[in-house]
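Descriptive analysis of the structure
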Amino acid sequence: MKEPLFSILIPSWNNLAFLKLCVESIRKNSTYEHELLIHVNDGSDGTLEWVKAEGLKYTHSAENIGVCYALNGLRPLVTTNYVLFMNDDMYVLPGWDAALYDEIQAIGHQMFFLSATLIQPRKFFCKSVIAPANYGESVETFEEERLLKEFRDLKHGDWQGATWPPNIVHRDLWDRVGGYSVEYSPGMYSDPDFSAKLWHAGVRLFKGVDKSRVYHFEARSTHRIVKNDGSLQFLRKWGITSSSFMRDVLHRGEPFGVEIDTSEQLRKDLVRSKWKRALTIFRPTKAREIWSRSVE
């Protein structure tokens, strides 16, 4: 067996049908061998037994601990140079990993953050995603054969502002910024926060790779959780709103390599963010409310 190239971290919360399809796609459509690391939240749907039967490396929590704790808990199991975060409701398409590794080799250093390009069934607000392109919204309705025939014909291009998964960094860079920030648990806005940490660590290459394509079912589990107030947490931590950071700093979704001068807009948004932060200074975040209830 060849040495694995990427360590693929997949948190999963009672989503066994999607997880099986995700793992199958990685095994079937990858160019290279990879290390699969699964965090099983709860697992009462049979996920834990399946992961064990498949011989996959895993961690387990009796209840849902959120994406940040899950990812950080998997980090000690990583044996490769590259940490890749993937959702369990994703299906990787042929060549997805070769496109990322080709990009990494061309970069020639560790100060990068790359994302694959998502294909999603429903309309989406960001130009980084190919949408709507509906090949099914469930395992039962998934048109795998049609997707495999057509995915290369969907026009897009490399884009700026890598943030959400599937994303990949060198493990030394992951460790330098401390992984995902657990104060955002269960995980809302932890993706832009991770990008912001990388930016402050000196990373300036945030790139979405067009040829690395992944179908995302958008099987949201966020309706099952008590959400943290991530937008307010981000504003208080970084002094800028998440939307302003994405638009003015990372230029997420814009064509890669196109120079965009948003310096004036950034100055205006920093002032607005300062006022917004001041106006919400006495507003408790949901994360803080949860902590307060726990000590009453």
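Below or above, wherever it landed, is the structure these notes cover. (Residues numbered from 1 in each chain as written. Predicted model: local features only at pLDDT ≥ 70, side-chain atom pairs only at ≥ 80, totals over all residues. Heavy atoms only, no water.)

Regarding the overall build of the protein chain
The helix and strand inventory of the protein chain stands at 11 helices and 9 strands. What you see for the protein chain is a C-alpha radius of gyration of 19 Å, in line with the 19 Å of a compact globule of 296 residues. The dimensions of the protein chain, computed from C-alpha atoms along their principal axes, are 55 × 50 × 35 Å. Looking at the 296 residues of the protein chain, the share that counts as buried comes to 53%. For the protein chain, long-range pairs separated by at least 24 residues make up 79% of all intrachain contacts whose partners lie at least 6 apart in sequence. Carbon and sulfur atoms provide 52% of the accessible area of the protein chain, an area that totals close to 14,100 Å². Side chains of the protein chain give 38 positive and 38 negative charges; the mean places of these two sets differ by 6 Å. (Helix = DSSP H or I, 4+ residues; strand = E, 2+ residues; numbered from the N terminus. Rg over C-alpha atoms; globule rule 2.2 N^0.38 Å. Buried < 20%, exposed > 50% of the residue type's maximum accessible area, 1.4 Å probe, protein only. Contact = heavy atoms within 4.5 Å. Areas by Shrake-Rupley, 256 points an atom, 1.4 Å probe, with all protein chains shown as cover. Lys, Arg positive; Asp, Glu negative; His and termini not counted. Charge placed at Lys NZ, Arg CZ, Asp CG, Glu CD.)

A look at the pattern of salt bridges
Applying the stated rule across the entire model yields 20 salt bridges. With a closest N to O distance of 2.6 Å, Lys28 and Glu144 form a salt bridge. Of the two residues, Lys28 sits in helix 1 (residues 16–29) while Glu144 sits in helix 5 (residues 144–150), which places them 116 residues apart along the sequence. Among the salt bridges present, the one from Lys149 reaches Glu145, with a minimum N-O distance of 3.6 Å. Of this pair, Lys149 and Glu145 both sit in helix 5, 4 residues apart, which is roughly one turn of the helix. Here Lys149 falls in the exposed class, since its relative accessible area comes to 62%. What makes Glu145 exposed here is its relative accessible area of 58%. The network of salt bridges with shared partners includes Arg247, Asp248, Asp269 and Arg272. (Salt bridge = Lys/Arg side-chain N within 4 Å of Asp/Glu carboxyl O.)

Thoughts on helix 7 (residues 190–200)
Think of an α-helix as turning once every 3.6 residues; residues three or four places apart then point the same way. Of all 11 residues in helix 7, 9 are buried; the element is thus mostly enclosed. Buried within helix 7 are the following residues: Ser190, Asp191, Pro192, Asp193, Phe194, Ser195, Ala196, Lys197 and Leu198.

Quick notes on helix 3 (residues 66–74)
Taken together, the buried positions of helix 3 are Gly66, Val67, Cys68, Ala70, Leu71 and Leu74. In this structure, the buried residues of helix 3 make contact with strand 1 (6–13), strand 2 (35–41), strand 3 (57–61), strand 4 (82–85), helix 6 (171–177) and helix 7.

Some words on the pairing of strand 8 (residues 167–170)
Side chains of strand 8 alternate between two faces, with Asn167 and Val169 and Ile168 and His170 buried alike. Strand direction decides the pairing type here: strand 4 and strand 8, joined by 4 bridges, are antiparallel. Each bridged residue has a counterpart across the sheet, and for Tyr82 the counterpart in strand 8 is His170. Relative to strand 8, strand 6 (residues 112–119) runs antiparallel, the two being bridged by 2 bridges. Bridge pairing in strand 8 links Leu114 to Ile168. (Pairing = 2+ DSSP bridges.)

A look at the environment of Ile119
Tracing the backbone through its elements, the reader meets Ile119 in strand 6. Each C-alpha atom, one on Ile119 and one on Tyr91, is 9.7 Å from the other, the two residues being 28 residues apart in sequence. Each residue touching Ile119, except ones within four places of it in the same chain, is listed here: Leu93, Ile130, Ala133, Phe151, Leu154, Arg213, Val214, Tyr215 and His216.

What about the packing of helix 7 against helix 9 (residues 242–250)?
When two helices pack together, their arrangement is captured by the angle between the axes and the distance separating the axes. Following both chains from N to C, one finds helix 7 and helix 9 inclined at 45°, their axes separated by 11 Å at the closest point. With respect to each other, helix 7 and helix 9 are oriented oblique. Judged by the sense of rotation from one axis to the other, the crossing of helix 7 with helix 9 is left-handed. Judged by residue contacts, Pro192, Ser195, Ala196 and Trp199 of helix 7 engage Ser242, Phe245, Met246, Val249 and Leu250 from helix 9. Residue composition of the contact of helix 7 with helix 9, grouped by class: 7 nonpolar, 2 polar and no charged. (Axes fitted to C-alpha atoms, helices over the stretch in contact; angles between N-to-C directions. Parallel < 35°, antiparallel > 145°, perpendicular 65-115°, else oblique. Left-handed = near helix turned anticlockwise from the far one by under 90°. Nonpolar A, V, L, I, M, F, W, Y, C, P; charged D, E, K, R; others polar.)

Re the environment of Ile107
For Ile107, the location among the structural elements is in helix 4 (residues 96–107). A residue is classified by how much of its surface remains accessible, and Ile107, at 16% relative accessible area, is buried. Sequence separation between Ile107 and Leu205 is 98 residues; the distance between their C-alpha atoms is 9.3 Å.

Points about the packing of aromatic side chains
Given two aromatic rings, their pairing is described by the distance between the two centres and the angle made by the two planes. A complete count under the given rule lists 23 aromatic pairs for this structure. Where Tyr180 meets Phe194, the ring centres are 4.4 Å apart and the plane angle is 10°; that geometry is what we call stacked. Separated by 14 residues along the polypeptide, Tyr180 in the loop between helix 6 and helix 7 and Phe194 in helix 7 bring together distant segments of the chain. Overall, Tyr180 belongs to the buried group, its relative accessible area being 1%. Relative accessible area serves as the criterion here: at 1%, Phe194 is assigned to the buried category. By way of ring pairs, the aromatic residues Phe85, Phe113, Trp174, Tyr180, Phe194, Trp199 and Phe206 are connected into one cluster. In this structure, Arg204 is placed above the aromatic ring of Trp199, and the distance from its NZ or CZ to the ring centre is 3.6 Å. (Phe/Tyr/Trp six-rings, centres within 6.5 Å; stacked < 30°, edge-to-face > 60°. Lys NZ or Arg CZ within 6 Å of the ring centre and 35° of its normal.)

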